[in-house]
Amino acid sequence: MRLPVALWLPLALAVAAVAAGQSPLQRRVVRDVLEYFHGRSNVHFLFKEREVDGVIERVNPSGTFVQLRLGLAQTACRKRAPQRHCRVLESRRKPICLACYKFDSSDVPKVLDKYHNCGPSHHLAAKVRCPQCPPVLPSVPTRCQPPLCPQEIRQRDEAECRAVEEAGKGGDTLYLPGMFAFSRGLPA
């Protein structure tokens, strides 16, 4: 089945435009988030990058911090049997992932710390109201756990990303044997 150019050309141009404006570290984060998302047991279809928003890239002496929101779109291909060309299903799931990564300052950057949030609570945060548990007698324990509210999700994400950004700074490095060696020559 051949799709008309009017259908696939805008999507291809959008993906190319998104990829063209990203740094190598941002592309690495996008690849890593896609790999993480497809590695989850509840994901049965392949997802493609739809959009990248809210990109923050800060360089400091302890390394480079990258934060971004990645919009995904479900395709018609199954995860177990990937194909070369998978069409995006417009009316299916479009999760949004938040990713925060801290890379060291070496020539081939290594990941010092990372945080992903692709969960349904993050995706539905804008749609969820903050319900309260039904009133119960004080002596009877309740099993009701209200879902996280959008502001709680946002606060947790911000706290996790701050912790990732702080990774690799001087205060949290451990002393390992052999890191410092002092020698003194013998008297002649």
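Residues numbered from 1 in each chain as written. Predicted model: local features only at pLDDT ≥ 70, side-chain atom pairs only at ≥ 80, totals over all residues. Heavy atoms only, no water.

An unreviewed UniProt entry annotates the protein as Retinoic acid receptor responder protein 2 originating from Tichodroma muraria. Regarding the protein, the relevant UniProt record gives this comment under Subcellular location (unreviewed entry): "Secreted". (UniProt positions renumbered as here; feature names shortened; annotations may be inferred.)

Trainee: Would you mind going over helix α4 (residues 150-166) in detail, with residue names and values included?
Mentor: Counted at 1.5 Å a residue, the expected span for α4 with its 17 residues is 24 Å, and the 24 Å between its end C-alpha atoms agrees. Three or more residues of α4 are buried, namely Pro150, Ile153, Asp157, Cys161, Val164 and Glu165. Projected down its long axis, α4 carries its buried residues within an arc of 105 degrees, all on one side. Note on α4: the residue one or two positions beyond its end, Gly168, has a positive phi of about 85 degrees. (Helix = DSSP H or I, 4+ residues; strand = E, 2+ residues; numbered from the N terminus. Expected span 1.5 Å × (residues − 1). Buried < 20%, exposed > 50% of the residue type's maximum accessible area, 1.4 Å probe, protein only. Arc of directions from axis to C-beta.)

Trainee: An account of the pattern of salt bridges is requested, with residue identities and associated values reported.
Mentor: Under the counting rule described, the total for this entry stands at 5 salt bridges. Across the pair Arg50 and Glu51 runs a salt bridge, and its minimum N-O distance is 3.5 Å. Residue class for Glu51 comes out partly exposed when judged on its relative accessible area of 30%. The closest approach of N and O atoms between Glu90 and Lys94, which form a salt bridge, is 3.8 Å. Overall, the relative accessible area of 24% leaves Lys94 in the partly exposed class. (Salt bridge = Lys/Arg side-chain N within 4 Å of Asp/Glu carboxyl O.)

Trainee: Which residues make up the sheet that holds strand β4 (residues 111-117), and what are the values?
Mentor: The sheet built from 4 strands is open, its strands ordered β1-β2-β3-β4 with antiparallel pairing. Bordering the open sheet on either side are β1 (45-60) and β4, each of which pairs with just one other strand. Ignoring strand direction, the axes of neighbouring strands in this sheet form an average angle of 20 degrees. Note that strand β3 (residues 96-103) and β4 share 6 bridges and pair antiparallel. Within β4, the residue paired with Cys100 across the bridge is Tyr115. In this fold helix α2 (residues 24-38) packs onto β1, β2 (63-78), β3 and β4, with an angle of close to 45 degrees to the strand it touches most, β2. Its contacts with the sheet place α4 against β1, β2, β3 and β4, and it is angled at close to 170 degrees to β4. (Pairing = 2+ DSSP bridges. Axes fitted to C-alpha atoms, helices over the stretch in contact; angles between N-to-C directions. Contact = heavy atoms within 4.5 Å.)

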